[in-house]
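A look at the structure
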Amino acid sequence: MILGRFAAALRRQDWFMVLIEFVIVAAGILFALQVDQWSQDRSQRTLEREYLARLVEDLEIERAHMAATLRSNDNRIDAVRRLEAFARNPELAAETPSVVPWAIETVSWRAFPNINAFVFRELQSTGRLTLIRSVGLRRALAEHYAEIEHDARVGEDLSAQRRYEAAVAGLATTDELLAVENAASIAAIEIAPERALEMVEALIARPAALAELPTLAQHHAFNRRAIDDMQARTDALIEQIRLLLGQAESDG
């Protein structure tokens, strides 16, 4: 209809009406473009809030892994200290026999958290990272996961573990290994005092295994410090994202 009036005005050479119709057409186009832009902006803001919420969930899951791994690191360091104490005084093995197989097997187990960064990697791979308007948050996330990758190169190094495990191979029987694996607690591991003392004496006879204990302790201590830093950064990120989510809700 508008185009028809526009054509009619041109035929009549009614330049005033031509101008009016042109303004109406241009205004309609601009309004349609603005509505489309508003719709896109609203869609992007909705998607941003969804990703922010998912980032919080992901970080909370990762933090739980960190907390569990910290407990594991404490157990590994405790196991090192127990084995060194047994090596200095083998008679201690008879006093706490269940600790002996536990310490021998636990001391070298992997103790670095598995951090997948699933949501952050998804944002990166899909090119949607810019949906997060906060440049500070984008930078903090990138630095956080880059630091984890850096620490993981040391934290996930299994060289000392493999050397230790090769040195203690055959020290425990299959049943003893399964007992350690399946026990709900150290006290639940059933082993006779005599057998515990025998295992300690066999360990002392393997100096290559004892030589790895300081390295294992140092490795677990590094992991513990790295995880402490991870937790601090994770807590700060969660707080920052929740603040942004609160602002997004206020903005509608």
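Residues numbered from 1 in each chain as written. Predicted model: local features only at pLDDT ≥ 70, side-chain atom pairs only at ≥ 80, totals over all residues. Heavy atoms only, no water.

**Things to note about the pattern of salt bridges**
- For the structure shown, the criterion picks out 12 salt bridges.
- Salt-bridge contacts for Glu48 lead to Arg45; the nearest nitrogen and oxygen are separated by 3.3 Å. With Glu48 and Arg45 both in helix H2 (residues 15-88) and three residues apart, this pair spans about one turn of that helix.
- Put simply, Asp78 and Arg82 hold a salt bridge, and the shortest N to O gap is 3.4 Å. Of this pair, Asp78 and Arg82 both sit in helix H2, four residues apart, which is roughly one turn of that helix.
- Each of Arg45, Glu48 and Arg133 takes part in salt bridges that share partners, so that together they form one network. (Salt bridge = Lys/Arg side-chain N within 4 Å of Asp/Glu carboxyl O. Helix = DSSP H or I, 4+ residues; strand = E, 2+ residues; numbered from the N terminus.)

**Describing the packing of aromatic side chains**
- The final tally for this structure, using the stated rule, is one aromatic pair.
- Summarising the aromatic geometry, the rings of Phe120 and Tyr145 are spaced 5.2 Å apart at their centres and angled 25° between planes, so their arrangement reads as stacked. Taken together, the residues Phe120 in helix H5 (residues 118-125) and Tyr145 in helix H6 (residues 135-155) connect sequence positions 25 residues apart. Here the two residues Phe120 and Tyr145 agree in accessibility, since each one is buried. (Phe/Tyr/Trp six-rings, centres within 6.5 Å; stacked < 30°, edge-to-face > 60°. Buried < 20%, exposed > 50% of the residue type's maximum accessible area, 1.4 Å probe, protein only.)

**Examining the packing of helix H4 (residues 99-106) against helix H9 (residues 193-204)**
- The contact between H4 and H9 brings their axes to 9 Å, and the two run at 35°. Two secondary-structure elements touch here, H4 through Val100, Pro101 and Ile104 and H9 through Ala196, Met199 and Val200.
- Split into classes, the residues belonging to the contact of H4 with H9 amount to six nonpolar, no polar and no charged. (Axes fitted to C-alpha atoms, helices over the stretch in contact; angles between N-to-C directions. Contact = heavy atoms within 4.5 Å. Nonpolar A, V, L, I, M, F, W, Y, C, P; charged D, E, K, R; others polar.)

**Considerations on the confidence of the model for the chain**
- Put simply, the chain has an average pLDDT of 87, and 81% of its residues get 70 or more.
- Ranking the elements of the chain by mean pLDDT puts helix H1 (residues 2-12) last, at 54, and H9 first, at 96. (pLDDT = per-residue confidence, 0-100.)

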